[in-house]
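A look at the structure
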Amino acid sequence: MRDKAWRLGPEHFGRLISVLAEQGYEVLGPQVDGPAVRWGPLTGPDELPQGIGAETSPGHYRLKQRSGPERFAWGPSPDSLKRWLHVPEECFVHAAQDNGAFHILPGEQPGAPPGGAAPPKFAFIGMRPCDLAALVRLDAVFLKGPYVEEHYSARRREAFLVVVNCTASLDTCFCASMECGPGARTGYDVALTEHTAEEPAAYLAEAGSARGVALIEAITAPRAEPGFIAECREACKQAAAVQRRRVDWRTAPAVMLRSFEHPRWEQTARRCLACGNCTLTCPTCFCVNTIEHTAIDGSTGGRSRVWDSCFTQNFTYIHGGSVRTSVKSRYRQWLGHKLAWWQQQFGTAGCTGCGRCIAWCPAGIDISEEFAALAGTAQGGTGA
Amino acid sequence: MTTHQSTPVSPVPASSGPMTPLPARLISVEKETHDTYTLTLEPPSAPGGELASRFRPGQFSMLYDYGVGELPISISGDPERPEQLVYTIRSVGPVTTSLVTRAPGDAIGVRGPFGTPWPMTEARGKSVLIVAGGIGLAPLRPAIYHILRHRGDYNRLVILYGARSPRDILFKKELSAWGLLPDTQSLITVDYGGVSWRGHVGVVTTLFKSIRAQPAETYALLCGPEVMMRFALRELQIRGLPKNQIFLSMERNMKCAAGFCGHCQLGPFFVCKDGPVFSCAAIEPWMDLYEA
Ligand code: SF4
Ligand code: SF4
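Calculation notes
Residues numbered from 1 in each chain as written. Chains lettered and ligands numbered in written order. Predicted model: local features only at pLDDT ≥ 70, side-chain atom pairs only at ≥ 80, totals over all residues. Heavy atoms only, no water. Near = heavy atom within 4 Å. Helix = DSSP H or I, 4+ residues; strand = E, 2+ residues; numbered from the N terminus. Nonpolar A, V, L, I, M, F, W, Y, C, P; charged D, E, K, R; others polar. Pairing = 2+ DSSP bridges. Axes fitted to C-alpha atoms, helices over the stretch in contact; angles between N-to-C directions. Domains from an automatic or database assignment. Contact = heavy atoms within 4.5 Å. Buried area = accessible area lost by both parts, 1.4 Å probe. Salt bridge = Lys/Arg side-chain N within 4 Å of Asp/Glu carboxyl O. Polar contact = N/O pair within 3.5 Å; in protein donor to acceptor, adjacent residues only side chain to side chain. Core = buried A, V, L, I, M, F, W, Y, C linked by side-chain atoms within 4.5 Å. Buried < 20%, exposed > 50% of the residue type's maximum accessible area, 1.4 Å probe, protein only.

1. Some details on the site of ligand 1
- The local shell around ligand 1 consists of T279(A), C285(A), F286(A), C287(A), C310(A), Q333(A), W334(A), H337(A), K338(A) and Q265(B).
- Each of chains A and B places residues next to ligand 1.
- For the shell around ligand 1, the element with the highest residue contribution is helix α11 (residues 327–346) of chain A, accounting for four residues.
- When grouped by side-chain class, the residues that make up the shell around ligand 1 number five nonpolar, four polar and one charged.

Okay, structure coming up:
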């Protein structure tokens, strides 16, 4: 469907949002929320950031005013779509006590919010290619068996995905080397690329699904000219070219095997606070804990899952103690899982190169630099 | 986002996905040792509940105690008696303690069975060596039951069991009864004997010299503390057992048993779905890595 390309002006962008809303979607988009860009309900294009960029480096994230008309120059936001599809907390068993026994109460339909009748139908407008790649990774965890996670599945099935290819990389981005960006490959309904040489910005639109084609046809956008397409593609290529960080992920399984006792783990563990920020901002970290809750009289109760992190001491607790007690072993689990073992489990790396864990690590630990040190390939991940 | 909803709003039927525990009635609680109990349950009466007792030796269930919590527990009963669900539980924490103090008639939530089984089919025509430590005998008992029911399918059966002390010996009567059967050895050792103990003292590998079976035609099934299994698999290889005939059962923290919670990971493996039973060929590289 890549042969079909359209040109969207500002009026089309507004219609894109309203048509999706008319089709019953809960439209969500990135917005400036205090000191960061975050996802929230979107009613019109004016709510999107405008002339906003972001500056990141290890342990650093600041929004920056830019002079151009760009709406999508802020890289990945600190929150990712996992917050909406693999929600931070969800009750999945409702039960009632019954004289020493218990029975399972009917709950909401799978994927529905507490008290809600049906799972939400989200349309995400303005997700980054790395966000999209992260969803494909979560799909592998929750949908590919042997079991299907029914709550994620119900929300994911409905979601309409409008990805915006990046034409501005942040300093912490390394999606090009992870093959997850800055241009989206597959899995979207509509892919947009921002053309910022004009004001207001125009968008190249490409459809990745039948419902994507239907949406663009419904907003009656004109076909894109070859010159316009070429300029948009070139801007996206530039965003890849400026990325200095890279991770040679295909070597990771072998690197992990030979560097399991590398002194680097110990050195990094002295800096790492085991705070779990990296796993929370990571768009693919899926681990959860379960918690029990009972009414004060014990009559009703249930179980919820909540986001967890392999950086916690209790994560590996079995009677007698935890398997991974040292911070060294927990950092090693995180990096090893993201880059190496995920490949053996699901066929891709677990990392998309979004760089969130680098920017949001209070100690400024940089996964690309750590991996390069373990692999012995460079001074650091940013080395030329 | 808030979570719990005590009064259901929409009258949707309760989910019966792999994450929903089905209530199963407790028939009996039998004391095995000072801290270990065997619970016998009726299969859940809810639709699909009969599947809970259709298991293969080595598999486990998730047992849920209402309001307290949920844990993976190996099935220790006879796979050919699907009318009952049998679990042997050592009470070491809040959930296990609560489970073993439940009274007959109470309900316990059951999910499963989950995980990979012992290689009972591959081991046909061969001798089987069982090496168990402590509560590790529980997931091996279904394998023993299976062999005894299909005795002609297997050659010799050797059971080596190590317990901490004489009062920790699990299934003591059965262990001595099995030892009296033809072509079967059943040997026990303890770490600390005390004055009245007349049997072996020492770790379970010290019993290996008494094994009467041909290594090349023997399948070994191991379950017990990780350090015990590490030394046992080394020792078995020295004695000539090939890696692909040695199997062991791993234990890890598990919150879901379906591959969703991530807690049970060991390198590239999810112990819940790639295990708990692994061949030595697959798991050995990970056994020697500290804090993997
Ligand atoms: S890195 Fe840690 S928290 Fe993230 S998915 Fe892997 S085990 Fe879970
Ligand atoms: S690497 Fe950084 S963000 Fe992750 S746990 Fe350690 S200090 Fe926290």
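2. Comments concerning the sheet that holds strand β7 (residues 101–104) of chain A
Residues and elements named next belong to chain A.
- Read across the sheet, four strands follow the order β7-β6-β13-β12 without closing on themselves; strand pairing throughout is antiparallel. The sheet terminates laterally at β7 and β12 (288–294), the two strands that pair on one side only. Sheet twist, expressed as the average angle between the axes of neighbouring strands with direction ignored, equals 30°.
- Looking at chain direction, β12 and strand β13 (residues 300–307) are connected through seven bridges and run antiparallel. Bridging from a neighbouring strand, N289 pairs with V306 of β13.

3. Observations regarding the domain arrangement of chain B
Residues and elements named next belong to chain B.
- Taken domain by domain, chain B consists of domain 1 (22–114) and domain 2 (127–287).
- Each of domain 1 and domain 2 has a C-alpha centre, and the two are 22 Å apart.
- The partner domain 2 presents 23 residues to the 26 residues of domain 1 that form the contact.
- Surface buried jointly by domain 1 and domain 2 totals about 1900 Å² across both partners, of which 59% is contributed by carbon and sulfur atoms.
- Along the contact surface separating domain 1 from domain 2 lie one salt bridge.
- Here R149 and D78 are joined by a salt bridge, their closest N and O atoms 2.8 Å apart.
- On the surface where domain 1 and domain 2 come into contact, there are five residue pairs in polar contact (both at pLDDT 80 or more).
- Counting residues per element, the ones that place at least two in the side of domain 1 that touches domain 2 are β2 (36–41), β3 (60–65), β4 (69–74), β5 (85–90) and β6 (107–114).
- Top contributing element to the side of domain 1 that touches domain 2 by residue count: β5, with four residues.

4. A short note on the nonpolar core
- By size, the foremost hydrophobic cluster in this structure holds 111 residues, and its most contacted members are F124(A), W334(A), L335(A) and L222(B).
- Each residue touching L335(A), except ones within four places of it in the same chain, is listed here: M256(A), W265(A), A340(A), I367(A), E370(A), F371(A) and L374(A).
- The next biggest cluster of nonpolar side chains, apart from the first, holds 35 residues, and it includes L8(A), A54(A), V162(A) and A207(A).

5. Overview of the environment of G199(B)
Residue and element names in this part refer to chain B.
- Inspection of the secondary structure puts G199 in the loop between β9 (184–190) and β10 (200–201).
- Given the relative accessible area of 38%, G199 is considered partly exposed.
- Spatially, the C-alpha atom of G199 lies 20 Å from that of M228, the residues being 29 residues apart in sequence.

6. Comments concerning the sheet that holds β6(B)
Residues and elements named next belong to chain B.
- Taken in spatial order, the six strands line up as β4-β3-β6-β1-β2-β5 in an open sheet, and their pairing is antiparallel. Edge positions in the sheet fall to β4 and β5, since each of these pairs with one other strand and no more. Along the sheet, successive strands turn relative to each other by an average axial angle of 40°, direction set aside.
- By the bridge criterion, five bridges tie strand β1 (residues 22–31) to β2 in an arrangement that is antiparallel. Directly across from L26, in β2, lies its bridge partner L41.

7. Side note on the site of ligand 2
- Around ligand 2, the structure places C272(A), L273(A), A274(A), C275(A), G276(A), N277(A), C278(A), F311(A), Y331(A), C361(A), P362(A) and I365(A).
- Considered class by class, the residues forming the shell around ligand 2 number ten nonpolar, two polar and no charged.

8. Section: the environment of L51(B)
- In this fold, L51(B) is placed in the loop between β2 and β3.
- Looking at L51(B), the relative accessible area reads 47%, which means it is partly exposed.

9. Some thoughts on the domain arrangement of chain A
All names here are of chain A.
- We note that the domain assignment places domain 1 (5–85 + 108–241) and domain 2 (249–299 + 309–375) within chain A.
- Inter-centroid distance (C-alpha atoms) of domain 1 to domain 2 is 27 Å.
- Each partner contributes to the interface: domain 1 provides 29 residues, whereas domain 2 provides 29 residues.
- For the pair domain 1 and domain 2, the summed buried area comes to about 2200 Å², and 64% of that belongs to carbon and sulfur atoms.
- Considering only the surface of domain 1 that becomes buried against domain 2, R137, F174 and M178 emerge as the three largest contributors, covering 26% of it.
- Linking domain 1 to domain 2 there are two salt bridges.
- Here R250 ties to E179 by a salt bridge, and the two come within 2.8 Å at their closest N and O atoms.
- Counting across the domain 1 and domain 2 interface gives 15 residue pairs in polar contact (both at pLDDT 80 or more).
- Within the residue set of the side of domain 1 that touches domain 2, elements represented by two or more residues are β4 (52–57), β5 (60–65), α3 (129–143) and α5 (175–178).
- Take the side of domain 1 that touches domain 2: its biggest share by element is nine residues, from α3.
- Class assignment for the residues of the side of domain 1 that touches domain 2 results in 16 nonpolar, eight polar and five charged.

10. Focus on the pairing of β4(A)
All names here are of chain A.
- Pairing between β4 and β5: six bridges, direction antiparallel. Residue pairing in the sheet places A54 in a bridge with L63 of β5.
- Taking the residues between adjacent antiparallel strands as the criterion, β4 and β5 are bridged by two residues, where G59 takes a positive phi near 75°.

11. Considerations on the interface of chain B and chain A
- Counting from both sides, the interface comprises 56 residues of chain B and, opposite them, 68 residues of chain A.
- Counting the contacts that link chain B with chain A gives one salt bridge.
- Its salt-bridge partner being E70(B), residue R303(A) comes within 2.7 Å of it at the nearest N-O pair.
- The tally of links from chain B across to chain A stands at 21 residue pairs in polar contact (both at pLDDT 80 or more).
- Counting residues per element, the side of chain B that touches chain A draws most heavily on β6(B), which supplies five residues.

12. Some thoughts on the pattern of salt bridges
- Evaluated as defined, the whole model comprises 38 salt bridges over all chains.
- Between R245(A) and D171(A) there is a salt bridge; the shortest N-O distance is 3.3 Å. Within this pair, whereas R245(A) is found in the loop between α7 (226–241) and α8 (252–258), its partner D171(A) is found in the loop between β9 (160–165) and α5, the two being separated by 74 residues in sequence.
- What makes R245(A) buried here is its relative accessible area of 5%.
- What makes D171(A) partly exposed here is its relative accessible area of 30%.
- Note that D35(B) and R90(B) form a salt bridge whose closest N and O atoms lie 3.2 Å from each other. With D35(B) in the loop between β1 and β2 and R90(B) in strand β5, this pair connects stretches of sequence that are 55 residues apart.
- D35(B) gets classed as buried once you look at its relative accessible area, which sits at 15%.

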